[in-house]
Amino acid sequence: MSADAVVRTARSRRARLAAGDVVAWICGGIIALAVLVAILGPLLAPHDPNAADLNDQFVGPVAGHPLGFDAQGRDLLSRLLAGARTSMLGPTAVVVLAMAAGVLAAVTAAWRGGWVDAALGTVMDVLFSFPGILLAILASAVFGPSLWAAVIALSIAYTPYVARVLRSAAVRERAQEYIAAAEVQGASAVAICARHLVPNVAPLIVAQATLLFGYAMVDLAAISFLGLGVQPPQADWGVMVSTGKAGVLQGYPAESLAAGLCIVVVVVAVNLLGERLGERRR
Amino acid sequence: MAEPVLEARGLRKVYGDHVAVDGVDLALAPGGSLGIVGESGSGKTTVARMIVGLTRPTAGTIAVCGRDRSQPARGTAERRRRAREVQIVFQNPYASLDPRRSPADALDEVLRLHTDAGADERRARIAELGELVGLDERMLRARPRALSGGQRQRVAIARALAAQPRVIVLDEAVAALDVSIQAQILNLLADVRARIGVAYVFISHDLAVVRQIADETLVMQRGRVVERGPTEQVLDDPRDPYTRLLRASVPGPGWRPVRRGAPTTGGAT
Amino acid sequence: MSAPLLEVADLAVTLPVEGERRTVLHDVSLAIGPGEALGLVGESGSGKSMTARAVARLLPGGAAVTGSIRFDGTDVTALRGGELRAYRRSVAMVFQDPRAHVNPVRRIGDFLTEGLRLRGVARAEAARRAVAALADVGIPDGERRLRQYPHELSGGLLQRVMIAAALLAEPRLVLADEPTTALDVTTQSEVMAIIDELRRERGLALLFITHDLDLAAAVCDRIAVMYAGAIVEERAAAVLHDDPLHPYSAALAAARPAVDRTLPRLAAVRGRLVSAFEAPAGCAFAPRCAHAQDRCAAELPPLRPLDGGAVRCARAEELRGRLAPQEVAGG
Ligand SMILES: Nc1ncnc2c1ncn2[C@@H]1O[C@H](COP(=O)(O)OP(=O)(O)OP(=O)(O)O)[C@@H](O)[C@H]1O
Ligand SMILES: Nc1ncnc2c1ncn2[C@@H]1O[C@H](COP(=O)(O)OP(=O)(O)OP(=O)(O)O)[C@@H](O)[C@H]1O
Ligand SMILES: [Mg+2]
Ligand SMILES: [Mg+2]
């Protein structure tokens, strides 16, 4: 290869890295913004998100109300901002719960092997066969429909996915001699898993978590759409897609569209960022 | 022999219907050095793993410093005490270091487990250990991926020394090193032994290296010990046919590789 | 020598480490003809594995390569896509660390037959050939081994599986990175005999990386000695051990323990090894060399022909004959 070619590949690699970074920064910015809105949303809202005025029903954008009003004459922008909180919190909780349970199950199975591994595998297979939505319906029947019933149902439904993917990575890592070396050093199983095993499967954990966040956001919206999750009149993007359907039929799709767009943008940003992080770690 | 620091009797390990180790006895005096040579797959690594407690023997007993360790350790204190009795250096320098941790981190972890030295003291000790095995500051800070096989193996040796054990099991520990570094490490191992009286179980395929480091030698084939004795006697005057074959297979001037009609690999049973 | 199958000229490789570029190879030139075996020995970390990886086009990400690597006349550093795959099929690599290059959750059988299946060989036939290849490397109960997982095999068995995999691919060039380090000497002898046989029968070219000078002398035609990312000597295998031209080669020969006598102490080379990127301006070995003079530190001589071989030492002519192994003092 000529010196010229070296320079060329080096440059194109740098260009690729830079491009990756730009995308990563944009995605990170979007997510940061969404988190900020989720925290400050109600304070940012220019109007009371629940103040209805039937005179304003389906009124389009006017001064002070850049997105217009919904079917009950509530300010759309205010509802979007206020709705960010449950819309972001729900999937985050699902990710935290499902990842915690999944990592614990995977690491335990890989560490102990033998019958523990087999038993955990069977439990996961059983859970695996329940669709998430079905669990959510069951949960809302038992606990009454609420965000938390939906979150718990989805966490249970996602755990086996996480456990299955991470288990094979953890088994691979468990067989490495550096783990055996740590055992011979007298470190405890918990310490070895926390200091060596889990960090070495971390890239996969990050990738799984971001994927899961996207799924959870969409599924929670669907559950709210079915009326089993967050309950109206509380503002929530999933609920808004649902309540907006009246407007869609009458030719006023703004509410459903705006809320749906928020969901799509956040989900895509999280997935792209997760992909980038996964690549960088490798 | 003085009270042995390591003693194993009737060690046996069965995997499914395959007998990997079949009735091995061995004893090691404090500060002694025992070589184990033999066929690939004859159970040398399995013996090593049983001694350090990574594999549970199917039958037989192992005692280190007079304390039995055939059963898994109970409790943190006993686990750490066992760690200060026996350490291991593995065959494969590529898998025996955590890819995410620098050598300095790895040594620090051991020092924190086994001493209550402060950060400064540990740092000094890490530099000292690095010095001992010929790793400079830069190598101590590098990720294992950026070290060559020989460099990694020296990290593994330093890590085994860090806990100041009574016995170190070295499983093919110098196989990955080039001869000049191998010479350094062998001299180093000899010095450490002379200075702190650590004892070695030294597993190797390289008979010349075993001759250099081991006082006594065991020859293993198909899970059994076929010959044992003072190293010089075993190598200069082998009795068992397998030992003779091994001795004749060592490359040297005029040596040619030969292919036997029927492979004699019992490890492949 | 007829046209070489592999010809490496002025190869230099740098890798990115913590934001800076680090030289791991700075001047490697070698040639191997069909049916020929070249031994590569040298300091740990001197770049032997990197040289093999560069030839196999398996360098870590971010590596920048200069110089040329020609295989059968084509420059392989620029190959892409289909051409690269075709090239890789004619070159097999046996890795120094088999466990890191085999998927621990797949069976030995899948690993061995994968390549054959990709080439359209039927399943039963692929399994039959795999068993035959295992028998070739001294593993008689192949059927059982095909069903096992890597962790169930000892280091030596796994290394033999890797050698069998390399031979199954029917390559024209084998890059063997310490292939027998994990084997007992009897099995080593057998495996080397098989590789030797294939080399003669099929005109297989072999790059053989090892630490064992005696072994290299027995199975190779020529031996190249590496130090700090460069080749410092290349000689006919038969003469390197007894008549080295470079002080480092002499030191290597002297450091080796002997199987027939116990030495009070081994002749380790004094000083610390240096990596290619931190090598001083002049000869990289000079700081550790018993024969170094001021000019050695000043400039690095090129690899130049001498006594039917080649050497990179400013004082090679003067030192000729004075470097016999026993004369090198221990450090
Ligand atoms: N976990 C396991 N499951 C099944 N068989 C195993 C397992 N570990 C080792 N074996 C078998 O036990 C035998 C002895 O293996 P061991 O690793 O002790 O050999 P070794 O003497 O160290 O060989 P080498 O010199 O090649 O490293 C081999 O036949 C191997 O296949
Ligand atoms: N991925 C990497 N990134 C940066 N530096 C590396 C990387 N891999 C290897 N090196 C460096 O490149 C140099 C050459 O390494 P290489 O593995 O080729 O040595 P070697 O001659 O095969 O040694 P050994 O006999 O110990 O296997 C070493 O100094 C090593 O530290
Ligand atoms: Mg072994
Ligand atoms: Mg190497």
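Everything numeric in this text was worked out from a predicted model, so none of it was measured. (Residues numbered from 1 in each chain as written. Chains lettered and ligands numbered in written order. Predicted model: local features only at pLDDT ≥ 70, side-chain atom pairs only at ≥ 80, totals over all residues. Heavy atoms only, no water.)

1. Some details on the overall build of chain A
Part 1 of the reasoning: When its secondary structure is counted, chain A shows 10 helices and zero strands.
Part 2 of the reasoning: In sequence order, the secondary structure elements of chain A are arranged as α-α-α-α-α-α-α-α-α-α.
Part 3 of the reasoning: When the backbone C-alpha atoms are referred to their principal axes, chain A occupies close to 75 × 65 × 30 Å.
Part 4 of the reasoning: Burial analysis of chain A (282 residues in total) assigns 45% to the buried set.
Part 5 of the reasoning: As presented, chain A carries roughly 13,600 Å² of accessible surface, and 70% of it is formed by carbon and sulfur atoms.
Part 6 of the reasoning: Chain A carries 19 positive and 17 negative side-chain charges, and their two centres are separated by 11 Å. (Helix = DSSP H or I, 4+ residues; strand = E, 2+ residues; numbered from the N terminus. Buried < 20%, exposed > 50% of the residue type's maximum accessible area, 1.4 Å probe, protein only. Areas by Shrake-Rupley, 256 points an atom, 1.4 Å probe, with all protein chains shown as cover. Lys, Arg positive; Asp, Glu negative; His and termini not counted. Charge placed at Lys NZ, Arg CZ, Asp CG, Glu CD.)

2. A word on the overall build of chain B
Part 1 of the reasoning: A tally of regular secondary structure across chain B gives 10 helices and 10 strands.
Part 2 of the reasoning: What you see for chain B is a C-alpha radius of gyration of 19 Å, in line with the 18 Å of a compact globule of 269 residues.
Part 3 of the reasoning: Dimensions of chain B, computed from the C-alpha atoms along their principal axes, are close to 60 × 45 × 35 Å.
Part 4 of the reasoning: Per-residue burial for chain B yields a buried fraction of 60% across its 269 residues.
Part 5 of the reasoning: Surface accessibility of chain B: about 10,400 Å² in total, with carbon and sulfur atoms responsible for 47%.
Part 6 of the reasoning: When the 40 basic and 32 acidic side-chain charges of chain B are each reduced to a single mean position, those positions are 5 Å apart. (Rg over C-alpha atoms; globule rule 2.2 N^0.38 Å.)

3. Looking at the site of ligand 2
Part 1 of the reasoning: For ligand 2, the set of nearby residues contains 23 residues, the closest of which are Ala146(B), Ser44(C), Gly45(C), Lys48(C) and Ser49(C).
Part 2 of the reasoning: In this structure, ligand 2 sits where chains B and C come together, each supplying nearby residues.
Part 3 of the reasoning: At 2.5 Å, a backbone N or O of Ala146(B) approaches an oxygen atom of ligand 2.
Part 4 of the reasoning: Interatomic distance of 3.2 Å between a backbone N/O atom of Ser46(C) and an oxygen atom of ligand 2.
Part 5 of the reasoning: Every element with two or more residues in the shell around ligand 2 is listed here: α6 (149–162) of chain B together with β1 (6–17) and α1 (48–55) of chain C.
Part 6 of the reasoning: Among the residues making up the shell around ligand 2, the classes are represented as seven nonpolar, 12 polar and four charged. (Near = heavy atom within 4 Å. Polar contact = N/O pair within 3.5 Å; in protein donor to acceptor, adjacent residues only side chain to side chain. Nonpolar A, V, L, I, M, F, W, Y, C, P; charged D, E, K, R; others polar.)

4. A closer look at the sheet that holds strand β7 (residues 167–171) of chain B
Sheet strands pair via backbone hydrogen bonds, and the direction of the pair is either parallel or antiparallel.
All names here are of chain B.
Part 1 of the reasoning: Taken together, six strands build an open sheet; the order of strands is β6-β7-β8-β3-β9-β10 and the sheet is mixed. Looking at strand neighbours, the two that pair on one side only are β6 (86–89) and β10 (224–230), the edges of this open sheet. With strand direction ignored, the average angle separating the axes of adjacent strands in the sheet is 15 degrees.
Part 2 of the reasoning: Here six bridges tie strand β9 (residues 216–221) to β10, and the two strands are oriented antiparallel to one another. (Pairing = 2+ DSSP bridges. Axes fitted to C-alpha atoms, helices over the stretch in contact; angles between N-to-C directions.)

5. Some points on the interface of chain C and chain B
Part 1 of the reasoning: Taken together, the contact between chain C and chain B spans 67 residues of the former and 58 residues of the latter.
Part 2 of the reasoning: Counting each side, the surface lost to burial between chain C and chain B is near 5,100 Å², with a carbon and sulfur contribution of 52%.
Part 3 of the reasoning: Among the residues chain C hides against chain B, the three largest losses belong to Val185(C), Thr186(C) and Val259(C). Together they make up 13% of the total.
Part 4 of the reasoning: At the junction of chain C with chain B, the criterion picks out three salt bridges.
Part 5 of the reasoning: With its nearest N and O atoms 3.1 Å apart, the salt bridge here joins Asp196(C) to Arg256(B).
Part 6 of the reasoning: Applying the counting rule to chain C against chain B returns 15 residue pairs in polar contact (both at pLDDT 80 or more).
Part 7 of the reasoning: When contributions to the side of chain C that touches chain B are tallied by element, the ones reaching two or more residues are α4 (123–136), α5 (142–146), α6 (155–168), α7 (185–202), α8 (213–219) and α10 (247–255) of chain C.
Part 8 of the reasoning: Top element by residues in the side of chain C that touches chain B is α7(C). It accounts for 12 residues.
Part 9 of the reasoning: Taken together, the residues of the side of chain C that touches chain B sort by class into 26 nonpolar, 17 polar and 24 charged. (Contact = heavy atoms within 4.5 Å. Buried area = accessible area lost by both parts, 1.4 Å probe. Salt bridge = Lys/Arg side-chain N within 4 Å of Asp/Glu carboxyl O.)

6. Structural notes on the pattern of salt bridges
Part 1 of the reasoning: Scanning the entire structure with this criterion turns up 43 salt bridges over all chains.
Part 2 of the reasoning: For Arg235(C), the salt bridge goes to Glu233(C), with nearest N and O atoms at 3.2 Å. Each member of the pair, Arg235(C) as well as Glu233(C), carries the same accessibility label: buried.
Part 3 of the reasoning: Taken together, the shared-partner salt bridges in this structure form one network comprising Arg256(B), Asp196(C), Arg199(C), Arg200(C) and Asp221(C).

7. Looking at the sheet that holds strand β4 (residues 59–64) of chain B
All names here are of chain B.
Part 1 of the reasoning: Taken together, four strands build an open sheet; the order of strands is β2-β1-β4-β5 and the sheet is antiparallel. Lying at the two open borders of the sheet, with one neighbouring strand each, are β2 (18–28) and β5 (67–68).
Part 2 of the reasoning: Pairing of strand β1 (residues 6–15) with β2, which is carried by eight bridges, proceeds in the antiparallel orientation. The partner of Ala8 across the bridge, within β2, is Leu26.
Part 3 of the reasoning: Helix α1 (residues 44–52) rests against β1, β2 and β4 of the sheet, and its axis sits at about 120 degrees to β1.

8. A few points about the site of ligand 1
Part 1 of the reasoning: In the vicinity of ligand 1 lie 22 residues, with Gly41(B), Thr45(B), Thr46(B), Glu152(C) and Gly156(C) positioned nearest.
Part 2 of the reasoning: With respect to ligand 1, its neighbouring residues span chains B and C.
Part 3 of the reasoning: Take Ser42(B): an N or O atom from its main chain is 3.1 Å from an oxygen atom of ligand 1.
Part 4 of the reasoning: Within the side chain of Thr45(B), an N or O atom sits 2.6 Å from an oxygen atom of ligand 1.
Part 5 of the reasoning: Every element with two or more residues in the shell around ligand 1 is listed here: β2 and α1 of chain B together with α6 of chain C.
Part 6 of the reasoning: For the shell around ligand 1, the class distribution of residues is four nonpolar, 14 polar and four charged.

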